[in-house]
Amino acid sequence: MGDIFEDEKTTSHSSKQVFRLYRKLFLLIFGVALLGQSLISVDVHLGNYYRALADSFKIILTAPSTINNEQLSQLGDSLNQKKDIQTVKLFSPQDALAAVRHQNPQLVDSLLLMGEHKMPAYFEITLTPQGINNVRPFVENLAAEYEMLIPHYNLSHAQFVFYAGICSKILHIVLILAVLVFLTFMFLVEATPVAGRTNVHHFGGVVSGLLAGLLACGILAGLVYPTGILAEAVAQFTSLGRELLLLAFCGLFGWTLSKWQGF
């Protein structure tokens, strides 16, 4: 009789212990999922920021009024052959006035008071990432080769592009290394035999992991929602593919931890 009651107490204690372990497993994966959501959001936003900075960086090469259209066309063809130049656009004085009028009509009125001929023709060029990273020596070489053209560019803008690109690459590397570390941990746990036990995994661990991942997704959506329309706002911080990968990771992590807690 004493053995029966002792077995019932042991079974009851064991079931409570398993429940507490799953609760701890849920909290652990939930914390990892929150960190993952944060890193994904920073990675996506930083990538968007880098691309926007790179796309908006231009070098303006103004030409003197003494250069005719044929010479401008030849200069454009020559610039287009440069290795670090992606695109070259030629703007005549009329095109330049139209572009300025689109952005600032009041400025056009001021320019016309000085005379339409005061607005020079110019080339607008975009550079490759390598060219942006070395923009100062590139522009110096360009100015030395094309003495009749006067370069104008924002060095601070180019530096922001460079540092944003470096930060984005570093974050990508850190994310990849973190995933590899977790996968190595999972492999070591799965490769370790548990003596005297055949069923070492519990489906509840997968459920706990998936619930933790879903809760982390819900918290991200709740934080992003006040910034605008949810679908558009979330696209600035994450993507469906990244969220599905994170949920799959949480479920797999829960499956592995359900074995690890039995060690």
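Everything that follows concerns the structure shown earlier in this document.
Residues numbered from 1 in each chain as written. Predicted model: local features only at pLDDT ≥ 70, side-chain atom pairs only at ≥ 80, totals over all residues. Heavy atoms only, no water.

A. Quick peek at the environment of T62. Residue position: T62 is located in strand β1 (residues 59-62). When the C-alpha positions of T62 and L90 are compared, they lie 9.9 Å apart, and in sequence the two are 28 residues distant. Those residues in contact with T62, other than ones at most four positions away along the chain, are P120, A121, Y122, M148, L149, I150 and H152. Within the structure, T62 has its side chain in polar contact with the side chain of H152 (distance 3.2 Å). (Helix = DSSP H or I, 4+ residues; strand = E, 2+ residues; numbered from the N terminus. Contact = heavy atoms within 4.5 Å. Polar contact = N/O pair within 3.5 Å; in protein donor to acceptor, adjacent residues only side chain to side chain.)

B. The arrangement of helix α10 (residues 240-260) in detail. The terminal C-alpha atoms of α10 lie 30 Å apart, and with 21 residues this matches the ideal 30 Å at 1.5 Å per residue to within 8%. When α10 is considered as a whole, its buried residues turn out to be E243, L246, L247, F249, C250, G251, F253, G254, T256, L257, S258 and K259. (Expected span 1.5 Å × (residues − 1). Buried < 20%, exposed > 50% of the residue type's maximum accessible area, 1.4 Å probe, protein only.)

C. The pattern of salt bridges, seen in detail. Enumeration according to the criterion identifies one salt bridge in this entry. One salt bridge connects E145 with K82, and the closest N-O pair in it is separated by 2.7 Å. One end of the pair, E145, is in helix α6 (residues 135-145); the other, K82, is in the loop between α2 (69-80) and β2 (85-91), with 63 residues separating them in the sequence. The partly exposed category is assigned to E145, whose relative accessible area is 45%. (Salt bridge = Lys/Arg side-chain N within 4 Å of Asp/Glu carboxyl O.)

D. The arrangement of the side chain of E124 in detail. Counting through the fold element by element, E124 comes out in strand β3 (residues 122-127). Ignoring sequence-local partners within four residues, the contact set of E124 consists of K58, I59, I60, T87, V88, K89 and F91.

E. Geometry of the packing of aromatic side chains. A full pass over the atoms with the stated rule returns seven aromatic pairs. Residues F26 and F30 carry aromatic rings whose centres are separated by 6.1 Å and whose planes lie at 5° to one another, so their mutual orientation is stacked. Of this pair, F26 and F30 both sit in helix α1 (residues 2-56), four residues apart, which is roughly one turn of that helix. We classify F26 as partly exposed; its relative accessible area is 23%. Relative to F249, the ring of F182 lies with its centre 5.3 Å away and its plane at 75°, an arrangement referred to as edge-to-face. Taken together, the residues span a long stretch of sequence, with F182 in helix α7 (residues 155-191) and F249 in helix α10 at a distance of 67 residues. An aromatic cluster is built from F182, F185, F249 and F253, whose rings are joined through pairwise contacts. (Phe/Tyr/Trp six-rings, centres within 6.5 Å; stacked < 30°, edge-to-face > 60°.)

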